[in-house]
Amino acid sequence: MNSLKNKVAVITGSARGLGKAIAERYAALGADIVINYSRDKASAGEVVSNITAMGARVIAVQADVSKVADIHRLFEEAKKAFGKIDIVVANAGIEMVETPVTQFTEEQFDRLFSINTKGAYFTMQQAALNVENNGRIIYIASSTTAFPVAGMAVYGGSKTTPRYLVDVLSKEIGYRGVTVNSIIPFAVDHSGIFAEEGSYPELRKSLLDSCPMGRLAEVEDVANIAEFFASDLSSFVNGQHLLVNGGANQ
């Protein structure tokens, strides 16, 4: 079994969904956890309660990743609470689907890029500045960065720039033993846009038809890879992008 004992992990957007699953997985492996949320204080509190029940140390920090000052404060509070940071997962993001290129507004464009691109960029920048030697930086990308999907131009575009940053950052700080990798999940069931039963039926059918395994991803599928990238098993895996998509072609 992997162990993250004596490690400190910061996971952005971890009040629910993928971030929550990753935070709870790391806590189960012995890590101290920094939960981050933007608005949903109640859900963040539930995650804190779950992790506390596991016997792990945890704090929750409100920070809007579209604001660089908030990102700086998130890292400052993490180090103030635990003294160091070993693992950073840049997970916070928002989705917008089924919107053709011709219908996107400037406001929608700016919102997606401020959170998904700017937020991820400056989260990874602070990770690079603050993570311990031999630490781990993990970006949660999207399969839309590998397979273009109609209606997801701006969403996919906003997730592509941080994926390139993974390539560059892995070269810039690899000498410290720090690895920088991305996880590229397929659409995740019971999370994000598919959190509600019956949501986006046409898109769901299209995605299911594209996957040889006949299902969407689950949060645990992604948490499994987040565990791998955070553990010693991946100590010589750097600058990589791992699809978690059951062999789907979109």
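Structure report, in brief. No experiment lies behind these values; they were computed from the predicted model shown.

**Looking at the pattern of salt bridges**
Here's step 1: Applying the stated criterion to the full structure yields 11 salt bridges.
Here's step 2: The salt bridge partner of D70 is R73, with a shortest N-O separation of 3.6 Å. With D70 and R73 both in helix α3 (residues 68–82), this residue pair falls three residues apart, about one helical turn.
Here's step 3: Of the residues examined, D70 reaches a relative accessible area of 14% and is grouped as buried.
Here's step 4: By relative accessible area, R73 is classed as partly exposed at 26%.
Here's step 5: For the salt bridge of D189 with R204, the shortest nitrogen-to-oxygen distance reads 3.0 Å. With D189 in the loop between β6 (179–185) and α6 (201–210) and R204 in helix α6, this pair connects stretches of sequence that are 15 residues apart.

**Focus on the sheet that holds β6**
Here's step 1: An order of β3-β2-β1-β4-β5-β6-β7 is seen for the seven strands of this open sheet, with the pairing classed as parallel. Each having just a single partner strand, β3 (58–62) and β7 (241–244) make up the two edges of the open sheet. Sheet twist, expressed as the mean angle between neighbouring strand axes with direction ignored, is 20 degrees.
Here's step 2: The sheet contacts of helix α2 (residues 41–53) involve β2 (32–37) and β3, and relative to β2 the element is tilted by about 170 degrees.
Here's step 3: Here α3 sits on the sheet and contacts β1 (8–11), β2, β3 and β4 (87–90); the angle it forms with β3, its principal contact strand, is near 160 degrees.

**Considerations on the packing of helix α4 (residues 106–130) against helix α5 (residues 153–173)**
Between two packed helices, both the angle of their axes relative to each other and the distance between the axes serve to describe the pair.
Here's step 1: Put simply, α4 and α5 touch, their axes get as near as 9 Å, and they point 15 degrees apart. In terms of orientation, α4 and α5 fall into the roughly parallel class. Here the hand of the crossing between α4 and α5 comes out right-handed. Taken together, the residues of α5 that come into contact with α4 (itself represented by F109, L112, F113, N116, T117, A120, Y121, M124 and A128) are V154, Y155, G157, S158, K159, T161, P162, L165, V166, L169 and I173.
Here's step 2: Across the contact of α4 with α5, the residue classes break down as 14 nonpolar, five polar and one charged.

**A look at unusual backbone geometry**
Here's step 1: In this model, H190 sits at a positive phi of 60 degrees, which is unusual for a non-glycine residue.
Here's step 2: Take H190: it is sitting in the loop between β6 and α6.
Here's step 3: You will see that Y200, though not glycine, has its phi angle at about 45 degrees, which is positive.
Here's step 4: Topologically, Y200 is positioned in the loop between β6 and α6.
Here's step 5: Assessed through its relative accessible area of 32%, Y200 is described here as partly exposed.

**Regarding the nonpolar core**
One recurring pattern in soluble globular proteins is that nonpolar side chains are buried together.
Here's step 1: Counting 47 residues, the largest nonpolar core has Y26, I33, I51 and I183 as its most contacted members.
Here's step 2: If you list the elements that add at least two residues to this core, you get β1, α1 (17–28), β2, α2, β4, β5 (136–140), α6 and α7 (219–230).
Here's step 3: With seven residues, the single largest contributor to this core is α7.
Here's step 4: I183 has contacts with I138, Y139, I140, A141, V222, I225, A226, F229, L242 and V244, leaving out every residue within four places of it along the chain.
Here's step 5: By size, the runner-up hydrophobic cluster in this structure holds 31 residues, among which are V61, L74, V88 and V178.

Thresholds applied
Residues numbered from 1 in each chain as written. Predicted model: local features only at pLDDT ≥ 70, side-chain atom pairs only at ≥ 80, totals over all residues. Heavy atoms only, no water. Salt bridge = Lys/Arg side-chain N within 4 Å of Asp/Glu carboxyl O. Helix = DSSP H or I, 4+ residues; strand = E, 2+ residues; numbered from the N terminus. Buried < 20%, exposed > 50% of the residue type's maximum accessible area, 1.4 Å probe, protein only. Pairing = 2+ DSSP bridges. Axes fitted to C-alpha atoms, helices over the stretch in contact; angles between N-to-C directions. Contact = heavy atoms within 4.5 Å. Parallel < 35°, antiparallel > 145°, perpendicular 65-115°, else oblique. Left-handed = near helix turned anticlockwise from the far one by under 90°. Nonpolar A, V, L, I, M, F, W, Y, C, P; charged D, E, K, R; others polar. Core = buried A, V, L, I, M, F, W, Y, C linked by side-chain atoms within 4.5 Å.

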